[in-house]
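# Coordinate analysis (summary)
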Amino acid sequence: MVRPLGHEPHLRHVVRALRAQRRRAGPGGRAGDLTVKATGSDENVATTVAGSGGAISGNAATATMTDDGSATATITTAGTEIRTGTLNVLARHESLYRPTVDSTNAAVVGASGAEATANLNATAAARIAAGVVIAATGTVFVAAHNVFVRSSSGATTEPSSVSAAGGGGITATAAIIRVTIRGTSTVTIADGVQITMKSTALTGGGITMTASSKIATGDTIQLASGGAINGAGADVLTDARVDNTLSIGTGVLLKATGDISLGTYTDASTNVAAEVSTWGLAAVGVALAKVILRTDQTVTVGSGSTIDALGNVDVKAGVAEGGQWRTILAGTASAQAYIRGLIAIPIATADADMTSNATVTSAATIRSGLNTAVAADPGAVIPNADGTARGFQLGFIPVTVRKSNATPRTTSVVTLTGTVTAGAYSKIDLTITDCQNSGVFCSTITDNGSSAPWSSEFVPNFILSTWAQASLTGPARDTANDSDGISTTAVGATVIRPFFVSGGIVTLQADQLSGGALVTANGRPTFSLLNNSRNYVVLLGGTIPDLPGGQVLFTGAAKTGVTAVENFKGEVGKITVENAYACGGVTECVGNSAYGPAIISVGRIENLGGSVTLKNTAGSVLELGEGIQAGQKTISAPQGFVRIRKSDPSNPHLGGTPYTEWRDQMIWPGGNPASGEPNADRAIEWVASGRFPNSTNLNSDLYHFAGASTSDGSNRGYAYFGGCVPIANPPALSNYCSYDAAVAWSVS
C-alpha cells in the first residue's frame, strides 16, 4: 500500500512573477518588500504486512514508492524593473518517505521475503530572468533548498524499515532495502541582471544567494530465522546524489553597501544497517550494508559581470551565507551477522563511499571594501563502516569475520580569469583649493584619485551654533557654540559626510587553482583632506576598521595559478585633515574672527589600528560629539584653540584609545582580528577548556570515554565543533580535536 500525503508525487510547484513590476516608494521613501516563494512537500508512506504458515508455505511483502517533485520560484520577463525594500526569491522542496515492511513465515519447508524500494527525484530552483533590474534598500536573498528526509512514524520506538522472520525445518529468508535519491538545487541569475542594494554603509543587509541540499535518512533491516537447514540474507543500500549549482550569467551587476555572499552547501547524514540473526544445524547468514553519498557543487560567474560590495565578498562552493553553513557528508554503514549452528557460515560487508566535489569558476570583476574569499571547499567528508560477522561452529566455537570499507573522496577546483580586489575602497584623497568661486570661499572639492566613495555639502552661510541646532543632536549640538576662535558671522563651510575606507585581504582556497587572474589586496587605508581655502571643515564621522590588509592568502593545497599583488602589506590606516590657509596677521581672517578656518569634528571618527591627525595652521580644532577613537591621535593648532570633549569626565584620556594600547596584551579566543581572520576552531578551545578549567585530560572529560568519570561528576559528554586542546598548554596538540573529529563524535 502506497499512500502519498499532502501532494501527488508528481505535483510540480511553480511560482512566477509573470509581468513587469515597478514598485513605487512608500511612506518615508522606502519601497514595499517583495517575496516570491515556492514550497513543495511530498510525503510517501508505504506499509505492507505478510504472514503464512503450514507444511510448505511462502510469502513476500514489498513496498515501492516514487517521488518526482519540484519547486520553482522565478522572477521572469526580460526588462522587469523592481524597486523594493527587501527582496526574497525562495524555492524549497521536501521529499519525505517512510517504508514499513513486515514478512513472517513458519513452516516445515518455508520461505519469506521483504523488500522496500524508494526512488526520490526532486528539484528546487530560484531564478531571475535576463535583463531584470532590481533596486533594493534592504536585504536581497535568493535561495533554493532541496530536502530529503525519512519521516518519523511518531511511535515511541521507531520501527525498522524492513523486518523479516522465518522458522521451520528448512527455511530461507531474505530482506532488501533500496533507496535512491537524486536531487538538484539551482540558483540562476541570467545575463544582464542588475541588482543593487543601497542602504547605510555596513549597517546590515546585503546580497545573499544560496543553493543547498539536505539529506537526513536512516534505514534498518532486522532479520531473524531458524531451522534445521536455514539461510538468511539482508541487503540495504542507500545511493544518494545531490548537486547544488549557483550560476551568475554574463554582464550581471551585483552591488551592495553591505556584504555579498554567493555560496552552496550540502548537509547530509545517512545511516543504513543490516542485522541478521539465524540458527540451525546448517546456517548461513549474510548481512550487506552500503551507503553512497555524492555531492557536486558549482559556483559560476560569467564574463563581463561585476560583484561589488562595500563590505565582504564571498564566492564559495561548499560554504554559504558568510560561513554559517559548511558542507558535511556523514554516513554510516553497519552490517552485523550473528550465526549459530553445527555448520555456521557468517558473512557481513559494510561499505561507505562518499564524494564531495567543489568547483568555482569566475571571469568577473570582484571588488570588496573589506575582504574577499574565493573558495572551493568540499567540507567534512566522514564515512564510517562496520561489517562484522560472528559465527559459532558446532554451536560454541567462535568465528569472527570483518569486512569494512570507508572511502572519502574530495576535489577542490578554482578557475579565475577575471580580477579580484580586496580593500578596493582604501583611499580618499581630497583638496579644497582657494578657488573663491563663492565670494572668498570655494564651493568645490578636487578629487585626487580616490578609490572609495565620498560625499560632501557646501554651506555658504555657516554659523556653527545655528547650524548645529538645525543639523545635530545630543552632545554635539549642546556643545557647539561660537567661542574658541569661531566666527559669529556667516562663513563658507565644507561638510564631509561619514566616510569609510579599509584595507582588505584575499583568501583563495583550492587544491587546483588556475586562470591567471590578477588578485590584489590593498593595505594602508587613508583619508586625506587638504584645505587651502578659507572654508571651515566639518567632519560628520569616518571609519577605518582595525583589520589586516594587503595580504593574499592561499589556504588550500594550491599556492600558484594567479598573479598576486600585495600593496602596503600590513600597514596601518591614516586619517589626516589639514587646514593650510594662513591669515597673515590680519584683524579679521575668516568671518569676524582673527583666526583661520576651523576644523570641527561632530561625529565619531574611528581608526583603532592607526592614526588620526587634525592639523590647523591658523585656526582652531574642535572635537565635539562622540569624539575620536584612534591608536594615535594628533591635534595641532599652534595659533588657535583646541577643544576636546571627554566622554567620561571621571576618566580623562587625551591620547590614543586604551584599546590600541592593550590589544597586544589581551587574550583573543580564535586570534586577534587585527592580525588576521579569527579561527573559529581555535576559539572553541577556550569554550571547551572553560567547561573543565582544571582538567588534566580534557578529552576524557569532554567526551566521557567509556569507563571514565568526568571531573565535574556529571558523567555527561560534550561535543564541540572545533579544537579542544587545554589552554594551559596550547602548543601540545596531542589531544587536539579537529573539526572533522568533533563531527564524527557528534554523529556516532
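Just so it is clear, the model here is predicted, and its values are computed rather than measured.

Parameters at a glance
- Counting restarts for each chain: residues are numbered from 1 in the order of the written sequence.
- It should be noted that, the model being predicted, local features are given only for residues of pLDDT at least 70 and side-chain atom pairs only at 80 or more, the latter also being counted only at that level, while totals for whole chains, interfaces and linings use all residues.
- The basis for every side-chain value is the complete set of heavy atoms in the structure, and neither hydrogens nor water enter the calculation.
- A run of H or I in DSSP becomes a helix once it reaches four residues, and a run of E becomes a strand once it reaches two; helices and strands are each numbered from the N terminus.
- Any residue under 20% of the maximum accessible area for its type is buried, any over 50% is exposed, and the rest in between are partly exposed; the area is computed with a 1.4 Å probe on protein chains only.
- Whether two residues touch is decided by their heavy atoms; if any such pair falls within 4.5 Å, the residues are in contact.
- Shrake-Rupley sampling with a 1.4 Å probe provides the accessible areas, and residues are treated as covered by the protein chains on show and by no other component.
- The arc under discussion is defined with respect to the helix axis, by the directions toward the C-beta atoms.
- In this description, the term disulfide denotes a pair of cysteine sulfurs within 2.5 Å.
- The definition of a polar contact used here is a pair of N or O atoms within 3.5 Å, where within protein one atom must be able to donate a hydrogen and the other to accept one, and adjacent residues in sequence count solely through side-chain atom pairs.
- Put plainly, a pocket is an open set of points on a 1 Å grid over the protein atoms alone with protein on both sides within 12 Å along at least five of seven lines, a cavity is a set where a 1.4 Å probe fits but cannot get out, and a lining residue has an atom within 4 Å of a point.
- Grid points are joined across faces, edges and corners, and a volume is the space filled by probe spheres set on the points.
- In this classification, the charged set is Asp, Glu, Lys and Arg, the nonpolar set is Ala, Val, Leu, Ile, Met, Phe, Trp, Tyr, Cys and Pro, and all remaining amino acids, among them Gly, are polar.
- Two strands qualify as a pair provided DSSP detects at least 2 bridges between them.
- Geometry is summarised by axes, namely lines fitted to C-alpha atoms with helices restricted to the contacting stretch, and by angles between N-to-C directions that run from 0 to 180 degrees.
- Salt bridge, as applied in this entry: a Lys or Arg side-chain nitrogen positioned within 4 Å of an Asp or Glu carboxyl oxygen.
- Aromatic rings from Phe, Tyr and Trp, taking only the six-membered ring of Trp, are treated as a pair when their centres fall within 6.5 Å; an angle between ring planes under 30 degrees marks them as stacked, one over 60 as edge-to-face, and anything in between as tilted.
- Here, a charge over a ring is recorded when the distance from Lys NZ or Arg CZ to the ring centre is within 6 Å and its angle to the ring normal is within 35 degrees.
- To define a nonpolar core, start from buried Ala, Val, Leu, Ile, Met, Phe, Trp, Tyr and Cys residues and group those joined through side-chain atoms within 4.5 Å.
- Residue-level confidence of the predictor, termed pLDDT, takes values from 0 up to 100.

## Considerations on the overall build of the protein chain
Helices and strands together make up the secondary structure of the protein chain, namely six helices and 42 strands. In the protein chain, which comprises 748 residues, the share counted as buried stands at 49%. Look at the contacts in the protein chain between residues 6 or more apart in sequence, and 78% of them connect residues 24 or more apart. Within the structure as shown, the protein chain displays about 30100 Å² of accessible surface, and the carbon and sulfur contribution to it stands at 53%.

## Observations regarding helix H1 (residues 464-471)
All buried positions along H1 are accounted for by Leu464, Trp467 and Ala468. End-on, the buried residues of H1 take up no more than an arc of 100 degrees, which puts them together on one face. Counted as exposed and oriented over 90 degrees from the buried face of H1: Thr466, Gln469 and Ala470. Summarising the contacts, the buried residues of H1 are in contact with strand S26 (456-462), helix H2 (474-478), strand S27 (491-496), strand S33 (536-539), strand S38 (599-601) and strand S40 (621-623).

## So, the state of the cysteines
Counted according to the given criterion, the structure contains two disulfides. At a sulfur-sulfur separation of 2.1 Å, the disulfide partner of Cys435 is Cys442. Sign of the S-S torsion, about 110 degrees for the bond between Cys435 and Cys442, identifies this disulfide as right-handed. Classification of Cys435 by relative accessible area gives partly exposed; the value is 32%. Here Cys583 is linked by a disulfide to Cys589, with a sulfur-sulfur distance of 2.0 Å.

## Some details on the environment of Asp447
In this fold, Asp447 is placed in strand S25 (residues 446-447). When its relative accessible area of 36% is taken as the criterion, Asp447 is described as partly exposed. Along the sequence, Asp447 and Leu430 sit 17 residues apart, while their C-alpha atoms lie 4.8 Å from each other. Excluding its chain neighbours within four sequence positions, the residues that come into contact with Asp447 are Asp429, Leu430 and Trp454. There is a polar contact of 3.0 Å between the side chain of Asp447 and the backbone nitrogen of Gly449.

## A look at the layout of surface pockets
Empty space within the second largest pocket amounts to approximately 710 Å³. Looking at the second largest pocket, it is lined by 25 residues, and the ones nearest its centre are Ser199, Thr200, Ala201, Thr257 and Leu310. The residue makeup of the lining of the second largest pocket, split by class, is eleven nonpolar, eight polar and six charged.

## Some words on the environment of Gln551
Note that Gln551 resides in strand S35 (residues 551-554). Put simply, Gln551 and Lys569 are 18 residues apart on the chain and 5.9 Å apart in space, counted from C-alpha to C-alpha. Among all residues touching Gln551, those that are not within four sequence positions of it are Gly504, Ile505, Val506, Ala521, Glu566 and Lys569.

## Examining the sheet that holds S38
Taking strand neighbours across the sheet as the criterion, the six strands line up as S26-S27-S33-S38-S40-S42 in an open arrangement whose pairing is mixed. Each having just a single partner strand, S26 and strand S42 (642-644) make up the two edges of the open sheet. Going from strand to strand, the sheet's axes swing by 15 degrees on average, the running direction of each strand aside. Relative to S42, S40 runs parallel, the two being bridged by three bridges.

## Some details on the pattern of salt bridges
As enumerated under the stated definition, the model contains 20 salt bridges in all. We note a salt bridge from Asp267 to Lys214, for which the minimum N-O separation is 3.4 Å. Here Asp267 is found in strand S12 (residues 259-301), whereas its partner Lys214 is found in strand S10 (residues 206-248), with 53 residues between them in sequence. A relative accessible area of 21% places Asp267 in the partly exposed class. The salt bridge partner of Lys255 is Asp308, with a shortest N-O separation of 3.1 Å. Remark: Asp308 occurs in strand S13 (residues 306-309) and Lys255 occurs in strand S11 (residues 253-256); sequence separation between them is 53 residues. Lys255 gets classed as partly exposed once you look at its relative accessible area, which sits at 36%.

## Digging into unusual backbone geometry
A positive phi angle is found at Gln436, which is not glycine, with a value near 50 degrees. Residue placement: Gln436 occurs in the loop between strand S24 (427-432) and S25. Exposure remark for Gln436: the relative accessible area of 38% places this residue in the partly exposed category. Despite not being glycine, Phe568 has its phi angle at roughly 55 degrees, a positive value. The topology assignment puts Phe568 in the loop between strand S36 (563-567) and strand S37 (574-579). You can call Phe568 partly exposed: its relative accessible area is 37%.

## A look at the packing of aromatic side chains
Summed over all chains, the structure comprises five aromatic pairs. When the ring of Phe462 is compared with that of Tyr536, the centres are 6.1 Å apart and the planes differ by 55 degrees; the resulting orientation is tilted. A residue pair is termed long-range when its members are at least 10 positions apart, and Phe462 in strand S26 and Tyr536 in strand S33 qualify at 74 residues. Each of the two residues, Phe462 as well as Tyr536, counts as buried. The ring centre of Phe568 lies 3.6 Å from the NZ or CZ of Arg524, which sits over that ring.

## Here's the deal with the nonpolar core
In a soluble, globular protein the nonpolar side chains are often hidden away together inside. Counting 62 residues, the largest nonpolar core has Met209, Leu254 and Leu262 as the members making the most contacts within it. Those residues in contact with Leu262 that sit more than four places away from it in its chain are Met209, Leu246, Ile248, Leu254, Val301, Ile307, Asp314, Val315 and Lys316. Formed by 35 residues, the second largest nonpolar core is a distinct cluster that contains Phe148, Ala234, Leu293 and Leu329.

## Some words on the sheet that holds strand S31 (residues 518-522)
An order of S4-S6-S9-S11-S13-S18-S23-S31-S36 is seen for the nine strands of this open sheet, with the pairing classed as parallel. The outermost strands of the open sheet, each flanked by one partner alone, are strand S4 (81-84) and S36. Taken pair by pair, the neighbouring strands of this sheet meet at an average axis angle of 5 degrees, ignoring direction. In this structure, strand S18 (residues 365-368) lies alongside strand S23 (residues 419-422), joined through four bridges in parallel fashion.

## Digging into the side chain of Asp296
Relative to the helices and strands, Asp296 resides in strand S12. A polar contact is formed between the side chain of Asp296 and the side chain of Arg294, at a distance of 2.9 Å. Dropping the residues within four chain positions of it, Asp296 is found in contact with Arg241, Val242, Asp243, Asn244 and Asn357.

## Let's talk about the confidence of the model for the protein chain
Mean pLDDT over the protein chain stands at 80; residues scoring 70 or higher make up 73%. Model confidence for the protein chain, summarised as mean pLDDT per element, is weakest for strand S1 (residues 2-5) at 31 and strongest for strand S32 (residues 526-531) at 98. A low-confidence stretch, residues 104-111 stays under pLDDT 50, and its non-local contacts, those more than four residues away or across chains, total 43 contacts. Confidence drops under pLDDT 50 across residues 164-172; counting only partners more than four residues distant or on other chains, this segment forms 48 contacts.

## Section: the environment of Glu578
Considering the arrangement of structural elements, one finds Glu578 in strand S37. Sequence-wise, Glu578 and Ile599 are 21 residues apart; in three dimensions their C-alpha atoms are separated by 8.2 Å. The contacts of Glu578, once residues within four sequence positions are left out, are Leu529, Leu530, Asn531 and Lys615.

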